[in-house]
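What the coordinates show
Listed below, chain by chain, are the residues.
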Amino acid sequence: MKQIYGYVRVSASDQHEDRQLIAMNEKQIPPENIYIDKISGKDFLRPGYAALVKNMEQGDLLYILSIDRLGRNYEEIQNQWRILTKEKNVDVAVIDMPLLDTRNGKDLMGTFIADLVLQVLSFVAHSERDNIRKRQAEGIKAAQVRGVRFGRPVKSAPDSFAVLVRSWEQGEVTFEDVLKKTGLTKSTFYRRLREYRLTKGSVKMCTF
């Protein structure tokens, strides 16, 4: 018997796949035939998708919610569509775009229309993603101009830093005790120590 499959992908672990899963359930896809990937967009390693492609056979049907679930850019979407429809010979139905359903229009005109729609939609998805990255970069740059700092907040030395440093240098406490009492990491401690000695005008510099 020909199988019906569903593929769900979210770009990061903190995103939810609920909308995609609801769409798959409405198509009455068996839960064991729904493959899910929660991945970062950086490497795009998709073990779920790889297993899905391996298990599908000629004549099977694959549902995806939107065309951009197949890839991150125009070329990748086009390549995966070719692999699925030409090499694996499976049908693909894009739920958000009914025109992209290879079960319809098996004749030359139907194939032409589906291919045309695919090219337009994958190009749009690619362009939209590029625009999002561009807007994010512009937003970060504008925030930096306003003085907004990104990354981890700077860890300040405690008020007792000078006393603890003096005790450490005189051998009264261990280095581990100093780190524990200051709440600083080793690298941060040395940075604060350099700053402290420069502020105090000391000529004794650390060479750590």
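Anything mentioned here points back to the structure above.
Residues numbered from 1 in each chain as written. Predicted model: local features only at pLDDT ≥ 70, side-chain atom pairs only at ≥ 80, totals over all residues. Heavy atoms only, no water.

Structural notes on the packing of aromatic side chains
Evaluated as defined, the whole model comprises 8 aromatic pairs. Between the aromatic rings of tryptophan 168 and phenylalanine 189, the centroid separation amounts to 5.5 Å while the plane-to-plane angle is 80°, which identifies the pairing as edge-to-face. Placement of tryptophan 168 in helix 5 (residues 161–169) and of phenylalanine 189 in helix 7 (residues 186–199) is noted, with a sequence separation of 21 residues between them. You can call phenylalanine 189 buried: its relative accessible area is 0%. Note on phenylalanine 175 and tyrosine 190: the rings are 5.6 Å apart at their centroids and 15° apart in plane angle, and the pair reads as stacked. (Phe/Tyr/Trp six-rings, centres within 6.5 Å; stacked < 30°, edge-to-face > 60°. Helix = DSSP H or I, 4+ residues; strand = E, 2+ residues; numbered from the N terminus. Buried < 20%, exposed > 50% of the residue type's maximum accessible area, 1.4 Å probe, protein only.)

Some points on the side chain of glutamine 20
Examined against the element boundaries, glutamine 20 turns out to sit in helix 1 (residues 18–26). A relative accessible area of 8% places glutamine 20 in the buried class. In terms of polar contacts, glutamine 20 uses its side chain to reach the backbone carbonyl oxygen of arginine 9, at 2.9 Å. When residues no more than four places from it in sequence are discounted, the contact partners of glutamine 20 are Tyr7, Val8, Arg9, Val10, Leu65 and Arg69. (Polar contact = N/O pair within 3.5 Å; in protein donor to acceptor, adjacent residues only side chain to side chain. Contact = heavy atoms within 4.5 Å.)

A word on the pairing of strand 1 (residues 4–10)
Most of strand 1 sits inside the fold, with 6 of its 7 residues counted as buried. Where strand 1 and strand 3 (residues 61–64) come together, 4 bridges link them in parallel fashion. Looking at the pairing, glycine 6 lines up with tyrosine 63 of strand 3. Alignment of strand 1 against strand 2 (residues 34–38), held across 5 bridges, turns out to be parallel. In the sheet register, arginine 9 faces strand 2, and the bridge partner there is aspartate 37. (Pairing = 2+ DSSP bridges.)

Concerning the nonpolar core
By size, the foremost hydrophobic cluster in this structure holds 18 residues, and its most contacted members are Leu52, Leu62 and Leu84. If you list the elements that add at least two residues to this core, you get strand 1, helix 2 (47–55), strand 3, helix 3 (74–87) and strand 4 (91–94). Every residue in contact with leucine 62, bar those within four places of it in the chain, is listed here: Tyr5, Gly6, Tyr7, Leu52, Met56, Leu84, Asp91, Val92 and Ala93. The next biggest cluster of nonpolar side chains, apart from the first, holds 10 residues, and it includes Val165, Phe175, Leu184 and Tyr190. (Core = buried A, V, L, I, M, F, W, Y, C linked by side-chain atoms within 4.5 Å.)

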